[in-house]
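Residue-level structural notes
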Amino acid sequence: MILADKIIRLRKKSGMSQEELAEKMNVSRQAVSKWEGAQSIPDLEKILQLGRLFGVTTDYLLKEEIEDEEFSGEAVSDKVRTVTLEEANEFLEQRRSASKKIAFATFLCILSVIPLMFLGVLSEYLYLPFSEDSAMALGLITLFIIAAPAVCIFVYCGFKNAPFEFLEKESFETEYGVKGMVVEKQKEYRSTYVKFNIIGTCICVLSPVLLFIGAFSENELFMGVMLSVFLITEGIGTIFFIVSGVRNESMQKLLKEGDYSDESKKKSRLKSGVFFIYWILTTIIYFVLTFLLEDYQSYTGDWHDYKTWLVWVIAGLLFPVVMIVCNLIEDKKNRDEENK
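Fair warning: this is a prediction, and the values are worked out from it, not measured in the lab. (Residues numbered from 1 in each chain as written. Predicted model: local features only at pLDDT ≥ 70, side-chain atom pairs only at ≥ 80, totals over all residues. Heavy atoms only, no water.)

1. Quick notes on the confidence of the model for the protein
Per-residue pLDDT for the protein has a mean of 79; in total, 76% of the residues score no lower than 70. Every residue in residues 263-268 scores below 50 in pLDDT, and together they form 22 contacts with partners more than four places removed in sequence or on other chains. (pLDDT = per-residue confidence, 0-100. Contact = heavy atoms within 4.5 Å.)

2. Thoughts on helix H1 (residues 3-13)
What H1 keeps buried is the set Leu3, Ala4, Lys6, Ile7, Leu10 and Arg11. Considered in projection along H1, the buried side chains sweep an arc of 160° and stay on one side of the axis. Residues of H1 that are exposed and angled more than 90 degrees away from the buried face: Lys12 and Lys13. Residues of H1 that are buried sit in contact with helix H2 (18-25), helix H3 (29-36), helix H4 (44-54) and helix H5 (58-62). Looking at the residues trailing H1, positive phi occurs at Gly15, about 75°. (Buried < 20%, exposed > 50% of the residue type's maximum accessible area, 1.4 Å probe, protein only. Helix = DSSP H or I, 4+ residues; strand = E, 2+ residues; numbered from the N terminus. Arc of directions from axis to C-beta.)

3. Quick word on H3
When H3 is considered as a whole, its buried residues turn out to be Ala31, Val32, Trp35 and Glu36. Each buried residue of H3 sits inside an arc of 135° when the element is viewed along its axis, so together they form one side. Buried residues in H3 make contact with H1, H2 and H4. After H3 finishes, the residue Ala38 shows a positive phi value of roughly 60°.

4. Concerning the pattern of salt bridges
Tallying each qualifying case throughout the model produces three salt bridges. A salt bridge links Glu36 to Arg11, with the shortest nitrogen-to-oxygen separation between them at 2.5 Å. With Glu36 in helix H3 and Arg11 in helix H1, this pair connects stretches of sequence that are 25 residues apart. Side by side, Glu36 and Arg11 carry an identical accessibility label, which is buried. Notably, a salt bridge pairs Glu19 with Arg29, separated by 3.9 Å at the nearest N-O pair. In this pair, Glu19 sits in helix H2 while Arg29 sits in helix H3, placing the two residues ten residues apart along the sequence. (Salt bridge = Lys/Arg side-chain N within 4 Å of Asp/Glu carboxyl O.)

5. Section: the packing of helix H7 (residues 85-111) against helix H11 (residues 178-206)
Running from amino to carboxyl end, H7 crosses H11 at an angle of 25°, the nearest separation of the two axes being 9 Å. Classed by the angle they form, the pair H7 and H11 counts as roughly parallel. Two packed elements cross with a definite hand, and for H7 against H11 that hand is right-handed. Seen from H7, the contacting residues are Leu85, Ala88, Asn89 and Leu92; seen from H11, they are Val178, Met181, Val182 and Lys185. Among the residues making up the contact of H7 with H11, the classes are represented as six nonpolar, one polar and one charged. (Axes fitted to C-alpha atoms, helices over the stretch in contact; angles between N-to-C directions. Parallel < 35°, antiparallel > 145°, perpendicular 65-115°, else oblique. Left-handed = near helix turned anticlockwise from the far one by under 90°. Nonpolar A, V, L, I, M, F, W, Y, C, P; charged D, E, K, R; others polar.)

6. Regarding the nonpolar core
One finds Leu211, Leu227, Phe230, Leu231, Tyr278, Trp279 and Phe319 to be the most contacted residues of the largest nonpolar core, which totals 20 residues. Counting 17 residues, the second-largest nonpolar core is a separate cluster that includes Ile7, Leu21, Ala22 and Tyr60. (Core = buried A, V, L, I, M, F, W, Y, C linked by side-chain atoms within 4.5 Å.)

Structure, rendered in C-alpha cells:
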C-alpha cells in the first residue's frame, strides 16, 4: 500500500475531512488532496508530523510492504489539547483587555522612580524642611506605593491568563475554523500593530532630546524636571509597544507562529520587566554616587560641584542600546532553538 492510500485510510479512520487534516498539518487543503492523489509526497518533517498525529510509525507510512498499521502509542489526540472556537475567542478577548492593564502597570513602574529621583534633586540643591536621608526614605515609600498597584495588576492578569498558559508551553491543536478566524483577526489588526510600533519607536528614540535640553541648563531643578518628563515619555512609548505586542502575540500563540511554534515554546523573557529594573538600578547608582561624593567632600573639605545628574543622561543614551542588545540575544536564542 502506497503512502497516499495510507493517508486516506488514516484520515477517514480518524473521522477527519481534508480541510481538518490540512489545518492540523498547517498546509492547504490542496496539498492534502495532492498527497492523497499521489501527485506529491510530504517532506520528511510532515511525514513525522503525520506519524505523531495518527499515532503510527514512520516505517508504516514509508514502507509499501507494510500493510497493517503499526502504532507508536503516541497519538496526538491522546496527548494534545484541542482549542475550540469559543476558547480561542475567549483567549483573544482576555489578552485584548489584559494588554491595556499590563501597559498601565508597566507605566506605573516607570513613574514610581520619579519621586525618588526628584526628591533627591530637591534635597541636594534646594533647602527643604527635611534632610537628604528623609528625602530618600520618602521617595522609597512613594516608589512602593505607586509600584504596589502595578504588581497587583500583573498578578491579576497572570491569574486570568492561567487557564491558557498551555498555549505557550505545550503542544496543542485547534478546532476546525479557529485558524481561519484568527488569521482574519490578525489581518484586521496588522495596520494598528504597525502604527503602534512606529509611534512607540519614534517616542523612545526622540525622548533623549529632553535629556540634552536639561543638560544644557545650569538649573539643577530644571534638569530634574526634564528627567521626569523623559521617564514619562519613555513610559508612554512603552504603552504602545505593550498594547500592540500582547495582542499580536495572542494571535501568534493560537496560530503557532514565530516564537510560539511547537519548536520554539521556550521563548526568552529577557526583556520582561527590563524598563522597571533598568531605571531602578539607575536611581540606585545615582544616590550611591551622590552620597559617596558627599562623604568624600565632608572628609577632605574639598568641595566641588559634581554633576551626578549626568548618570541620568548616560542612562538615557544607553537605554536604546540595552534594548537592541536584548533583541539580538533573543533572536540568537530563538535561532539556536530552531536549528536544534
